[in-house]
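Given next are the chains, with one letter for each unit.
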Amino acid sequence: MSEAEWLAKSSIKPKKRLSQNFLIDQNIAKKITRLIQGQLADKVLEIGPGSGVLTELMLREQYRVRAIEIDQDLIDLLQGRLIDYPQIELINQDAMKYNYDELEGPLWILVSNLPYNIGTRLLVKLIMDVPVIHRYVVMVQKEVAKRITAVTGTKEYGALSVVSNLFTKPKIQFDIHQNSFIPRPEVVSSVVTLQREYLTDSKERTAAFNLAKIAFQQRRKTIKKSLAGENINFDKLSDIGINEKSRAEELTPDQYLLMANMVSNEN
Ligand code: SAM
């Protein structure tokens, strides 16, 4: 039975308020799980397993999966579908409220067809607060994928690009057409991988992201104006190769980091 037929037979009615667009194309699901590139029995965190199309594939490949799903109806469905797999842990919770300190051990991989309503907020939260996740394989709207991977000076470049690049190496892998989902979403999706680096200066990187957020809130202003309240010694900026007349989108993630380092050395 195809995934679409299986969904139709289940009693599930997709809920728009929970951004439920279920992937029905098994070939795409296989392409996504191939991007996990983990070792046998690696631990995968899945946010929003939905009807379980990706979850079941990962379980078949012997991954250990902890899946957080907010919708009790889907949890009930998943309990039936995944009954033969002892290495699944289903958690009925809001992923924004889950205590990620409960991810034991150092190396987790996040796999998620991210719910649109919380997608970028959740991704930023996980990048900043959950360093045990070392690889992310996420499906997002194409426009969001472009923002995650955008380079300095482009129209998509913003605080989301800065945080992604400060903590990970992000890459767009491929697009997914709307017809691969039920119900059909309004826009094309993209699969993005983000590979986390080993970092010893996360505190400074967090400070750099905070500077970027403030600068991008007033993106038309020069950083001398937008970052006026941030303890930056503007007289010394040129020493580190930064022009105080630059605007937010003209500074690379590394330049935000240089500024954050300068602030922390002066304090
Ligand atoms: N992974 C499935 C797939 O690819 O077909 C479903 C993806 S669907 C776009 C998003 C899923 O996230 C839905 O199952 C939805 O119920 C769930 N979801 C929405 N908001 C959530 C939240 N705050 N916490 C956990 N799950 C959530």
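Within every chain, residues take consecutive numbers counted from 1 along the sequence as written. For this predicted model, a pLDDT threshold of at least 70 governs which residues receive local features, and a threshold of 80 or more governs which side-chain atom pairs are given and counted, while totals over whole chains, interfaces and linings are taken from all residues.

A word on the nonpolar core. Membership of the largest hydrophobic core comes to 69 residues, with the highest contact counts inside it found for Leu110, Val138, Ala208, Ala212 and Tyr256. Segmentation of the chain into domains, including their bounds, is taken from an automatic or database domain assignment. Two domains each donate at least three residues to this core, and these are domain 1 (3-196) and domain 2 (202-266). A pair of residues counts as a contact when their C-beta atoms, built from backbone coordinates, are within 7 Å of each other. When sequence neighbours within four positions are dropped, the list of residues in contact with alanine 208 reads Leu166, Tyr256, Leu257, Met259 and Ala260. Here, a nonpolar core denotes buried Ala, Val, Leu, Ile, Met, Phe, Trp, Tyr and Cys residues that are linked to one another through C-beta atoms within 7 Å. To assign burial, the other C-beta atoms lying within 10 Å of each residue's own C-beta are counted, with C-beta atoms placed from the backbone; 20 or more indicates buried, 12 or fewer indicates exposed, and intermediate counts indicate partly exposed.

Moving on: the sheet that holds strand β3 (residues 64-69). As summarised here, the arrangement of the 7 strands in space is β4-β3-β2-β5-β6-β9-β7, forming an open sheet in which the pairing is mixed. With partners counted over all chains shown, the strands left at the sheet margins are β4 (88-92) and β7 (168-176), one partner each. Averaged over all adjacent pairs, the angle separating strand axes in this sheet is 15°, with direction ignored. Bridge count between β3 and β4: 5 bridges; the pairing is parallel. At least two DSSP bridges between two strands are needed for those strands to be called paired. Numbering of helices and strands runs from the N terminus; a helix is a DSSP stretch of H or I covering at least four residues, while a strand is a stretch of E covering at least two. The convention used is that axes are lines fitted to C-alpha atoms, helices contributing only their stretch in contact, and that angles between N-to-C directions extend from 0 to 180 degrees.

A word on the environment of valine 65. The topology assignment puts valine 65 in strand β3. Taking the C-beta count within 10 Å as the criterion, valine 65 has 25 such neighbours and is therefore assigned buried. Separated by 18 residues in the primary sequence, valine 65 and isoleucine 47 place their C-alpha atoms 10 Å from one another.

Attention now moves to the domain arrangement of the protein chain. According to the domain assignment, the protein chain contains domain 1 (3-196) and domain 2 (202-266). Opposite the 12 residues of domain 1 that make contact, domain 2 presents 15 residues.

Let's shift gears to the packing of helix α5 (residues 119-129) against helix α7 (residues 159-167). Helix-helix packing: each pair is described by the crossing angle between the helix axes and the interaxial distance. Closest axis-to-axis distance for the α5/α7 pair is 10 Å, and the angle between their directions is 30°. Classified by the interaxial angle, the pair formed by α5 and α7 is roughly parallel. α7 is crossed by α5, and the crossing has left-handed handedness. Contacts between α5 and α7 involve Thr120, Val124 and Ile127 from the first element and Leu160, Val163, Ser164 and Phe167 from the second. Under this scheme an angle from 65 to 115 degrees is roughly perpendicular, one under 35 degrees roughly parallel, and one over 145 degrees roughly antiparallel; angles in between are oblique. Throughout, a crossing is termed right-handed when the near helix is turned clockwise from the far one, and left-handed when it is turned anticlockwise from it by less than a right angle.

Turning our eyes to something else, we now look at the site of the ligand. As used in this record, a residue near a molecule or strand is one whose C-beta atom, placed from the backbone, is within 6 Å of it. Residues in close proximity to the ligand total 24 residues, the closest being Gly48, Gly50, Ala95, Asn113 and Pro115. Elements that contribute at least two residues to the shell around the ligand include exactly β1 (22-23), α3 (53-60) and β3. Of the residues in the shell around the ligand, the class split is 14 nonpolar, 7 polar and 3 charged. Under this grouping Gly is polar, as are all residues other than the nonpolar Ala, Val, Leu, Ile, Met, Phe, Trp, Tyr, Cys and Pro and the charged Asp, Glu, Lys and Arg.

Geometrically, the link from isoleucine 182 to proline 183 is a cis peptide bond, its omega value of -15° lying close to zero. Tracing the backbone through its elements, the reader meets proline 183 in the loop between β8 (181-182) and β9 (189-196). For glutamine 62, which is not a glycine, the phi torsion comes out positive at approximately 75°. Along the chain, glutamine 62 falls in the loop between α3 and β3. Here asparagine 231, not a glycine, exhibits a phi torsion of approximately 60°, which is positive. Among the secondary structure elements, asparagine 231 is positioned in the loop between α9 (223-226) and α10 (253-266).

Let us now look at helix α2 (residues 26-34). Turn by turn, an α-helix covers 3.6 residues, leaving residues three or four places apart pointing in a common direction. Where α2 is concerned, the buried positions are Ile28, Ala29, Ile32 and Thr33. On an axial view of α2, the arc spanned by its buried residues comes to 135°, and they lie on one face. For α2, the exposed residues set more than 90 degrees away from the buried face come down to Asn27, Lys30 and Arg34. The reported arc concerns the directions from the helix axis to the C-beta atoms and nothing else.

On the secondary structure map, glutamate 230 appears in the loop between α9 and α10. On the neighbour-count criterion, glutamate 230 (15 C-beta atoms within 10 Å) is partly exposed. Separated by 20 residues in the primary sequence, glutamate 230 and asparagine 210 place their C-alpha atoms 10.0 Å from one another. Glutamate 230 has contacts with Leu211, Ile214 and Val263, leaving out every residue within four places of it along the chain.

Quick look at helix α8 (residues 202-217) now. For α8, which comprises 16 residues, the first-to-last C-alpha distance of 23 Å matches the rise-based estimate of 22 Å (1.5 Å per residue) to within 8%. Taken residue by residue, α8 has Glu204, Arg205, Ala208, Phe209, Leu211, Ala212 and Ala215 as its buried positions. An end-on view of α8 places all buried positions within 160° of arc, on one side of the element. Every exposed residue of α8 that faces more than 90 degrees away from the buried side is listed here: Ser202, Lys203 and Gln217. Considering only its buried residues, α8 is in contact with α7, α9 and α10. Expected helix span is computed as 1.5 Å times (number of residues minus one).

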